[in-house]
Amino acid sequence: LAERVRHADFLSRSMTAEQAAQHVAHGATVGLSGFTGAGYPKALPQAIAAHAQSEHKAGRPYRINVWTGASTAPEVDGLLAAADAMAQRLPFNSDAMARKKINAGEIDYIDMHLSHVAQHAWFGFLGRLDVAIIEIVGVTADGLLIPSTAVGNNKTWLEIADKVILEVNTKLPLRLEGMHDIYYGTALPPRRVPISLTHADNRIGEPYLQVDPRKVVAVVETHSGDRDNVFSQPDANSQRIAEYIIDFLAHEMKHGRLPQQMLPIQSGVGNVANAVLAGLLHGPFDNLLGFTEVLQDGMLDLLRAGKMKRASATAISLSRSAYEDFEKNIDFYRERIILRPQEISNHPELVRRLGIIAMNSMIEADIYGNVNSTHLMGSSMMNGIGGSGDFARNGYLSFFVTPSVAKDGKISCIVPMCSHVDHTEHDTQIIVTEQGLADLRGLSPRQRAQAIIDHCAHPDYRPMLQDYFDRARQQGAQHTPHLLGEALSWHQRCLDTGDMRK
Ligand code: 0RQ
């Protein structure tokens, strides 16, 4: 540990995870590092879950509130949820066990725009933060923290928490040092100043996180890697969606609505996102820039191939083989990857200034272009809004993508009315399914509906949607025609019969 922790004060506070967990009392609010399966603490959550179980066995209550950057891993959210140790969770979760408890009403889940979290915490909107548990890869001789594979909200947690526990992960390479860009210029209103980032690959901060050493109550050594992210090879639907997007971008460039130098790219997580990035690998655009929140395998491929010059993100979330390549060639990637706090990677001011091309997956869209990214059948949380809203509302172009049907065709992902809305019609520009692409820019609601039905709906559902729209147009107001008694009947039918088809 002494090799990694080059500061005596910090070293003197080293202890086991079990000892450190004693600093996390029942009822505490805990800020964990971690973003999309990267950079999460590996030991403390397990120790806390074990402590919770022994407290419960002894008949004592033990639950904590857990704030993170975004999703973590089964050994964090999964274990804490299974141990009934979480009362509140924010701002994003993709763990199946935690999802189950959220949907059972056992965890209060607060689904937030990822760019909002740090500032809402600072404003005091979320309450006090008792303990920050942050993974790092080392401490410099000056007492600065070398961040790990994700930055997320770590800067903010370190600033506002009463106590800090550091997990020093000796498995992750120390040569991550220098990859990060931690910006310390975000003051609170009314003293805010512009964030001086004018190109996606600018560095405006410092490579290290700062912490008041007096707050550090424990330093714990860990030695295990981030979770492996598994990507399947892009299927035919994903590939078709990717082709539509790339053709559309080339078309826009040809007609002067996109500059000749492609604007920076944000890509959501998942297989469609990776298929689009794979498509860009062989596409006509060069000198690409990434300005996104999660750097996945697809972007690493673009960097390696020289198609992408640099990528800015808040986390690196890779499959095992991509991670091996990353670690082996870390000097190459350090020149090309910039990891920032999520309040910067997702900042609306920057997304708009830089003219980001935003691409995110969704659960369903309605005929007017409202988008549901989070809820199944209106009531069950899937993952959360994540950064999709930060990018969709403020991007230069905003794509939402999905296969046109789910569950072997029993569910249409294009519906009369969304069962939950995350992105309103005002924030969505281009909807893409394997059936085609609907460019909604400059269209009225009725024009949008026809474009979505014609280009995005699955043939099994297209006549049903057309029938709904035609009948809605025959009665009532004509701006956004709906049949309110029928608008959510497709979802109800699915709940009743397991199939949206009549
Ligand atoms: O379930 O695997 O059980 O069959 O939902 O759907 O098509 O595999 O797509 O993995 O890309 O996830 C929106 C959830 C899409 C994700 C969402 C079922 C479907 C399948 C997954 P099965 P797919 P993906 C950057 C941006 C919000 C956050 C975001 C997400 C499962 O992309 O969480 O954008 N986005 N962040 O069968 C019922 C429907 C359905 C449906 C799909 N209409 N009804 N089930 N499914 N459509 C990242 C971050 O912010 C960190």
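Up top is the structure these notes are about.
All values reported here derive from a predicted model rather than from experimental measurement.

S.K.: Break down the overall build of the chain for me, with residues and values.
M.R.: Within the chain, the secondary structure is distributed over 18 helices and 25 strands. Whereas a compact globule of 502 residues would reach a radius of gyration of roughly 23 Å, the chain reaches 23 Å, a difference of no more than 12%. The C-alpha extent of the chain, read off along each of the three principal axes, is 75 × 55 × 45 Å. Taking all 502 residues of the chain together, 58% fall into the buried category. Residue pairs at least 24 apart in sequence account for 73% of intrachain contacts in the chain once pairs closer than 6 positions are excluded. Surface exposure of the chain reaches about 19400 Å², of which carbon and sulfur atoms provide 50%. In the chain, 48 side chains carry a positive charge and 56 a negative one; their mean positions are 2 Å apart.

S.K.: I'd love a proper account of the side chain of Thr402, names of residues and values included.
M.R.: You can see Thr402 is positioned in the loop between β20 (397-401) and β21 (405-406). According to the relative accessible area criterion, Thr402 is buried, its value standing at 3%. Setting aside residues no more than four positions away along its own chain, Thr402 makes contact with Ile241, Met362, Ile363, Cys413, Val432, Thr433 and Glu434.

S.K.: How would you summarise the nonpolar core if you had to cite specific residues and measurements?
M.R.: The biggest cluster of nonpolar side chains holds 74 residues, and the ones touching the most others in it are Leu166, Phe326 and Phe399. Ranked by the residues each element gives to this core, the list is headed by helix α8 (residues 236-254), at seven residues. Once residues lying within four places of it in the same chain are set aside, the contact partners of Leu166 are Phe10, Ile134, Ile136, Leu145, Leu158, Val216, Ala218, Val219 and Val220. Formed by 43 residues, the second largest nonpolar core is a distinct cluster that contains Val76, Ala85, Ala98 and Val131.

S.K.: A description of the pairing of strand β24 (residues 430-433) should follow, citing residues and the corresponding values.
M.R.: Within a regular strand, side chains alternate between the sheet's two faces. Covered by surrounding structure in β24 are Ile430 and Val432 together with Ile431 and Thr433, the residues of both alternating faces. Alignment of β20 against β24, held across three bridges, turns out to be parallel. Paired with Val401 across the two strands is Val432, which belongs to β24. Bridge count for β24 against strand β25 (residues 436-439) is four bridges, and the pairing is antiparallel. Directly across from Ile431, in β25, lies its bridge partner Ala438. Taking the residues between adjacent antiparallel strands as the criterion, β24 and β25 are bridged by two residues.

S.K.: Outline the site of the ligand, supporting the account with residue identities and numerical values.
M.R.: Among the 23 residues in the neighbourhood of the ligand, the closest are listed as Glu293, Ile363, Asn383, Gly387 and Lys407. The separation between an oxygen atom of the ligand and a polar side-chain atom of Glu293 is 2.4 Å. In this structure, Ile363 approaches the ligand through a main-chain N or O atom, which is 3.0 Å from a nitrogen atom. The class makeup of the residues in the shell around the ligand is eleven nonpolar, ten polar and two charged.

S.K.: Describe the side chain of Asn274, listing the residues and the values that go with them.
M.R.: Checked against the element boundaries, Asn274 lands in helix α9 (residues 271-281). Of the residues examined, Asn274 reaches a relative accessible area of 9% and is grouped as buried. Ignoring any residue separated from it by four or fewer positions in sequence, one finds Asn274 in contact with Phe231, Gln296, Asp297 and Gly298.

S.K.: Residues and numbers for the sheet that holds strand β16 (residues 364-366), please.
M.R.: The strand order across the open sheet built from three strands is β17-β16-β23, with neighbouring strands paired in mixed fashion. Each of the sheet's edge strands pairs with one partner strand only, and the pair in question is β17 (371-372) and β23 (414-415). Looking at chain direction, β16 and β17 are connected through two bridges and run antiparallel. Its bridge partner lying in β17, Ala365 is registered against Val371.

Calculation rules
- Residues numbered from 1 in each chain as written.
- Predicted model: local features only at pLDDT ≥ 70, side-chain atom pairs only at ≥ 80, totals over all residues.
- Heavy atoms only, no water.
- Helix = DSSP H or I, 4+ residues; strand = E, 2+ residues; numbered from the N terminus.
- Rg over C-alpha atoms; globule rule 2.2 N^0.38 Å.
- Buried < 20%, exposed > 50% of the residue type's maximum accessible area, 1.4 Å probe, protein only.
- Contact = heavy atoms within 4.5 Å.
- Areas by Shrake-Rupley, 256 points an atom, 1.4 Å probe, with all protein chains shown as cover.
- Lys, Arg positive; Asp, Glu negative; His and termini not counted.
- Charge placed at Lys NZ, Arg CZ, Asp CG, Glu CD.
- Core = buried A, V, L, I, M, F, W, Y, C linked by side-chain atoms within 4.5 Å.
- Pairing = 2+ DSSP bridges.
- Near = heavy atom within 4 Å.
- Polar contact = N/O pair within 3.5 Å; in protein donor to acceptor, adjacent residues only side chain to side chain.
- Nonpolar A, V, L, I, M, F, W, Y, C, P; charged D, E, K, R; others polar.

These results come straight from atomic positions and should not be treated as a statement about function.
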